[in-house]
Amino acid sequence: MAEEVAQVLGSSGTLTLLVVLAAGLLVLALLKLWLAGPKGNVVLLVGPCNAGKTTLFHQLAEGSTHLGTVASMQANEAEGPLASEKAAGAPAARPVRLVDIPGHPRVRGQVERYAGGAAGVVFVVDSVDFMPRKTEAAEQLYEVLSQAGLARRRVPLLLACNKQDQGSKAHTLDFIRKRLEREIDQMRGTRGSLGDVGGGGGGGAAQLGVRGEPFTFESHARARGVRVTTATLSAVDKGGVAEVEAFIRRCVPA
Amino acid sequence: MLDHVCIFTKGGSLLWVLSFVGLKGDPINTLIRACLLEERAGQSSFEYIIPSGGTYALKWSLNNGLGLVFVAVYQKALKLLYVDELLERMNRAFAPRYKPGCFEYPDFDATFQRLLKDCEEKAEAARRPSTQQLAPAQVGAAAGQQRRASGAKTGGSSQEGDSDGTADGGEAAAAAAAPASGSDAGPAGDSAGQSSDDAEGEDGAANGAASEFVPNLDKLKKLGKRAGPGGKVTRHHADRVEEPKKKAPAGKKGKQARVWGDAANGKEEGPLDFTEGEPGEAQEVAADLNQRSLIDVEEEVTYDELEEEEEAAAAGAPKKGGLLSSFVRTIGVNVALTRTDIEPALATLKKKLMERNVAEEIADKVTESVATSLEGRKLASFTRVSTAVQQAVEEALTRILTPKRSIDVLREVKAVQAKGQPYTIVFVGVNGVGKSTNLAKVAYWLLQNGVKVMIAACDTFRSGAVEQLKTHCARLQVPLYERGYEKDPAKVAFEAAKAAQRSGIDVLLVDTAGRMQDNEPLMRALSNLINLNQPDLVLFVGEALVGNDAVDQLTKFNQRLADLCPDPTQRHLIDGIVLTKFDTIDDKVGAALSMVYTSGAPIMFVGCGQTYVDLKKLHVKSVVKSLLK
């Protein structure tokens, strides 16, 4: 009996078959890992000062903006199902860890700390006060997109234009998107391969878009696999955060 | 009275607000951004200038254990004294009520009103005893007794001893005792001290001016007599000065006076020019533009394995504090840090910072601000106090050195290019720090990035400054705008800007003369240059070797630029710092911290050598590591 088994195993045909099977399984597993996208349940809220990140954070986590907010000095963290889901009576949904990172340049560099477990990034922009601050916003968006940890894991990004409840004073989505694309395009040329002076991501900053082509979020998605979508947002209204919630649920499936 | 009181978390959520009068402008956000996040939390108060006129004063109290901030806003002109105490008591009263998930505390209103009334009454009471001092008798002994009585009230037996001993000594001695009692009245509040001075003044005036003035007249006479010999001395000195002058011309008749001037005085050119060979023979070699400036080259930054050193250093510290207490501290769970715990660790860190060439007052302010933010914070279990302090200081230093405005000069250049005007950069600084050298390095870097550069020689004072720039320009092949020496630098810069615009130049680099920060006429000239030309970027060039003087230089430069500007809305302060001679210091990089902390301006370039390629950007992490090694 043992001799027969040894004979079967010994024959070169079965050996190659086994090897091919093992290789095939390995390839399938690798593909699954590679295509599955980032794991983790952390969603980051980043953006320039006064964009409304902390207000959005409270709206998503607790369902109300309480007494209001002031400039954040530290990051806010909350874990659990989204407030709207709790209200709708679906508490069994997978808990999301929301992290609100302050926009002040001095404390902005905490993104790399959370990049390891991030499943999605919401970049909040003030639609009303956009034009005077667009370079600042574009710089920060550039830094987030070129963050090595996020780019490697192809974390999707949502560009949320806040304060849309102000009606005509707020710029439109398309306007903001095009302006930011143009600014980042310019920055690609001037920043070159400089490391982040803030001390984070010194070497290995990811490239944006396609070299030679003007930068657009679409070309960046095609080239690097990082999807950048846009959405309107009004953090002060309960109903105004629907698009952001949908994005979060896409990143962290329930 | 108070305008606005609020409590909020460090994460930015407001927990409780009480507004007596609507706030104008945005004082609280400005406080957070300009003070608490700038590591100036150790200050006692913050002033906010309302855009429409007026000033608010803000005071705060931190609760680091729970991560709360208590802020009170009031009109600066009011000078309220009870605010500090009120904030402390609010802190203590609110801490037990605080629940992390809760954002509404309606029952705190009543508690706050009670605390406010308490503190106001205390302040009134502190002022009341002084009104009793002002009322009574004004004749001699009675006044002396009154002063003694007030001395007894404010405390301090030494004052009684003084006033007893000098009862017959005349008013002068009693006048000396009264200010002593006034200064000891500190604990009772400034108002009490002021009123005791008033009492002394009134009594002195009422008690007969004649007796008061006799000793003073004597003193005046003595001063007058001293002026006599002083006068003689000056005259004597003048005589002495004249004599050598007479001697010198007598001894050296043969010396011809030298005539200086631009006038083409043919005979001067010959003996002064000692160069060998023909002037045209001086070889001008164009610089090799193919070598990349080090600023664009990615650096491999490696950190030495400092863990063992840190462990050893940290192990040394707790032994001083008492082994048992530190042992208890490490295994205690949720024990809040007190001032006495952090003192030794902070003292060692301050000494370390000063060893790394950080200015003394900056090291003091930084450690003070870290102490304020650490007091009351709860340690995670099994962490040493020294490691927590080290971490907090590292975070604070990283925060200070991280630039808060963009340092991407190329992008700003492109933005201004679109407008068709040249981007002007002015280099200012004290003598001998390397302005001209680093200006040439910046020009080299800009050329490599395809920017058209022109240099304006506005150093019209130092001999050879224009020639130095001529040599650089010949090597770099950039145009130079110069008008020679002894011309007004502001006008030269103005004309240079016009010439740059005509030629379609992208960036105009302006070199100025070095000047000491105390030199009033030169600082005025610099301010004039900047106001007239409104440059886009004013770079302060400072050398990394400077020690405590860095603080003085930057403060005075900024002050002069602000004060001497006729139009306050057009004030142009220092926008950025160029740190030079960085290769001469090994790890004593403290000057970077001093300069950035004092001025708030980021370090845009670092000069690390004397050739064209030696220009880099500051790497914050490595500087922080060098500071804390």
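Residues numbered from 1 in each chain as written. Chains lettered and ligands numbered in written order. Predicted model: local features only at pLDDT ≥ 70, side-chain atom pairs only at ≥ 80, totals over all residues. Heavy atoms only, no water.

Participant: For this particular structure, what's the right way to read the packing of aromatic side chains?
Facilitator: The geometry of an aromatic ring pair is captured by the separation of the ring centres together with the interplanar angle, meaning the angle of the planes. Residue and element names in this part refer to chain B. As enumerated under the stated definition, the model contains 11 aromatic pairs over all chains in all. Taking the centre distance of 6.5 Å and the plane angle of 10° together, the rings of Tyr48 and Tyr56 count as stacked. On the basis of relative accessibility, which here comes to 1%, the residue Tyr56 falls in the buried class. Relative to Tyr105, the ring of Phe94 lies with its centre 5.0 Å away and its plane at 65°, an arrangement referred to as edge-to-face. Residue Phe94 is found in helix 2 (residues 83-94), and its partner Tyr105 is found in the loop between helix 2 and helix 3 (108-134); the two are separated by 11 residues along the sequence. With relative accessibility at 0%, the residue Phe94 sits in the buried group. Through successive ring pairs, a cluster of aromatic residues spans Trp16, Phe70, Phe94, Tyr98, Tyr105, Phe108 and Phe112. (Phe/Tyr/Trp six-rings, centres within 6.5 Å; stacked < 30°, edge-to-face > 60°. Buried < 20%, exposed > 50% of the residue type's maximum accessible area, 1.4 Å probe, protein only. Helix = DSSP H or I, 4+ residues; strand = E, 2+ residues; numbered from the N terminus.)

Participant: Looking at this model, I keep getting lost on the pattern of salt bridges. Mind explaining?
Facilitator: Opposite charge on two side chains makes pairing possible when the charged atoms of those side chains draw close. Residues and elements named next belong to chain B. Considering all chains together, one arrives at 31 salt bridges over all chains under this definition. A salt bridge links Lys556 to Asp552, with the shortest nitrogen-to-oxygen separation between them at 3.1 Å. On the criterion of helical spacing, the pair formed by Lys556 and Asp552 is a turn pair, its members being 4 residues apart in helix 20 (residues 549-563). Its relative accessible area of 27% is what places Asp552 among the partly exposed residues. The closest approach of N and O atoms between Lys629 and Asp587, which form a salt bridge, is 3.5 Å. Within this pair, whereas Lys629 is found in the segment after helix 22 (620-627), its partner Asp587 is found in the loop between strand 11 (576-580) and helix 21 (590-599), the two being separated by 42 residues in sequence. Shared partners join several salt bridges into a network, and the residues in it are Glu85, Arg89, Asp118 and Lys122. (Salt bridge = Lys/Arg side-chain N within 4 Å of Asp/Glu carboxyl O.)

Participant: I keep staring at the pairing of strand 12 (residues 603-607) of chain B and nothing clicks. Help me out?
Facilitator: Strand residues, when the strand is regular, have side chains that alternate between the two faces of the sheet. Residues and elements named next belong to chain B. With respect to burial, strand 12 is a largely interior element, 5 of its 5 residues being buried. In this sheet, strand 12 lies alongside strand 11 in parallel orientation, the contact comprising 3 bridges. Note on strand 12: the bridge partner recorded for Ile577 is Ile603. Crossover handedness for the path strand 11 to helix 21 to strand 12: right-handed. Inspection of the sheet shows strand 12 paired to strand 13 (residues 615-616) by 2 bridges, in the antiparallel sense. Bridging from a neighbouring strand, Gly607 pairs with Leu615 of strand 13. (Pairing = 2+ DSSP bridges. Right-handed = clockwise from strand over helix to strand, strands pointing away.)

Participant: I keep staring at the sheet that holds strand 10 (residues 537-543) of chain B and nothing clicks. Help me out?
Facilitator: Residues and elements named next belong to chain B. Strands sit in the order 8-7-9-6-10-11-12-13 across an open sheet of 8 strands; the sheet is mixed. Each end of this open sheet is capped by a strand with a single partner; those strands are strand 8 (480-481) and strand 13. Direction of pairing for strand 7 (residues 453-458) relative to strand 9 (residues 507-512): parallel, over a ladder of 6 bridges. Each bridged residue has a counterpart across the sheet, and for Ala457 the counterpart in strand 9 is Asp511. The sheet contacts of helix 18 (residues 489-503) involve strand 7, strand 8 and strand 9, and relative to strand 7 the element is tilted by about 165°. (Contact = heavy atoms within 4.5 Å. Axes fitted to C-alpha atoms, helices over the stretch in contact; angles between N-to-C directions.)

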